Amino acid sequence: GKDIINDDLGALTEVTRRIGRGAGLKLNEVFWMVFLANSAFFTEERGNYFDGASANLQSSSLQTAEQMFMDQVDHEGKPLGAMASLLLLPTALGVTGRELFTATQINTGGASTKDKVPNVNVWQGKYRPEVSAYLGNAAYAGSSAKAWYLLADPEDLPVIEVVFLNGVQEPTVETADADFD
């Protein structure tokens, strides 16, 4: 009885840790379900969406996305005035995103072209890659291993916001002394 009362092995405190972790995972799940249900937000009409082979993550598609991002306007037709800073990626594109962020050179063309090919990566250090395991997970509607997003810093222009009732962001775990007799 004394070991249970003193919780020497931490069995009782482990429960609260698991509850907290479960709450965090549930928040992630709800957030990504809403984010991935974005077909009405990311549209060609809004000028913040393009697809097809030209949308595969590479220097040229990043150039298209950057221009589209900068050309976006508010409800009065004026520029948003926000700069993109994040490259949100599914796990399948994590390496490509990190290469675009860190590589000093990009060489393309090879023997198939006589065009001059620049060997400087203009994207180096520009858009911080952030990888989410939720984006490409087939358990979530709207997921894709190929879709990627160019986003503003959430402190400047969040694409989605999470709010909490009375500002309480963590679960409430209540305990009480028990009489083990």
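Structure: above.
Described in the following lines is the structure provided in the data block. (Residues numbered from 1 in each chain as written. Predicted model: local features only at pLDDT ≥ 70, side-chain atom pairs only at ≥ 80, totals over all residues. Heavy atoms only, no water.)

Let us look at the sheet that holds strand β3 (residues 149-152). As summarised here, the arrangement of the 3 strands in space is β2-β1-β3, forming an open sheet in which the pairing is mixed. The sheet is open, and its two edges are formed by β2 (128-132) and β3, each paired on a single side. In this sheet, neighbouring strand axes are inclined to one another by 35° on average, regardless of whether the strands run parallel or antiparallel. Its contacts with the sheet put helix α3 (residues 59-71) on β1 (84-90) and β3, and the angle it makes with β3 is roughly 35°. Sitting on the sheet, helix α4 (residues 94-102) is in contact with β1 and β2, with an inclination near 170° to β2. (Pairing = 2+ DSSP bridges. Helix = DSSP H or I, 4+ residues; strand = E, 2+ residues; numbered from the N terminus. Axes fitted to C-alpha atoms, helices over the stretch in contact; angles between N-to-C directions. Contact = heavy atoms within 4.5 Å.)

Let us now look at the nonpolar core. Core analysis: the largest hydrophobic core is formed by 15 residues, its most contacted members being Leu57, Leu62, Leu87, Leu89, Tyr127, Trp148 and Leu150. Of all the elements in the fold, those that place two or more residues in this core are α3, β1 and β3. When residues no more than four places from it in sequence are discounted, the contact partners of leucine 150 are Leu62, Ala65, Glu66, Phe69, Ala84, Leu86, Leu87 and Tyr127. By size, the runner-up hydrophobic cluster in this structure holds 11 residues, among which are Trp32, Phe35, Leu86 and Leu135. (Core = buried A, V, L, I, M, F, W, Y, C linked by side-chain atoms within 4.5 Å. Buried < 20%, exposed > 50% of the residue type's maximum accessible area, 1.4 Å probe, protein only.)

Function-wise, these values are silent; they only describe arrangement.
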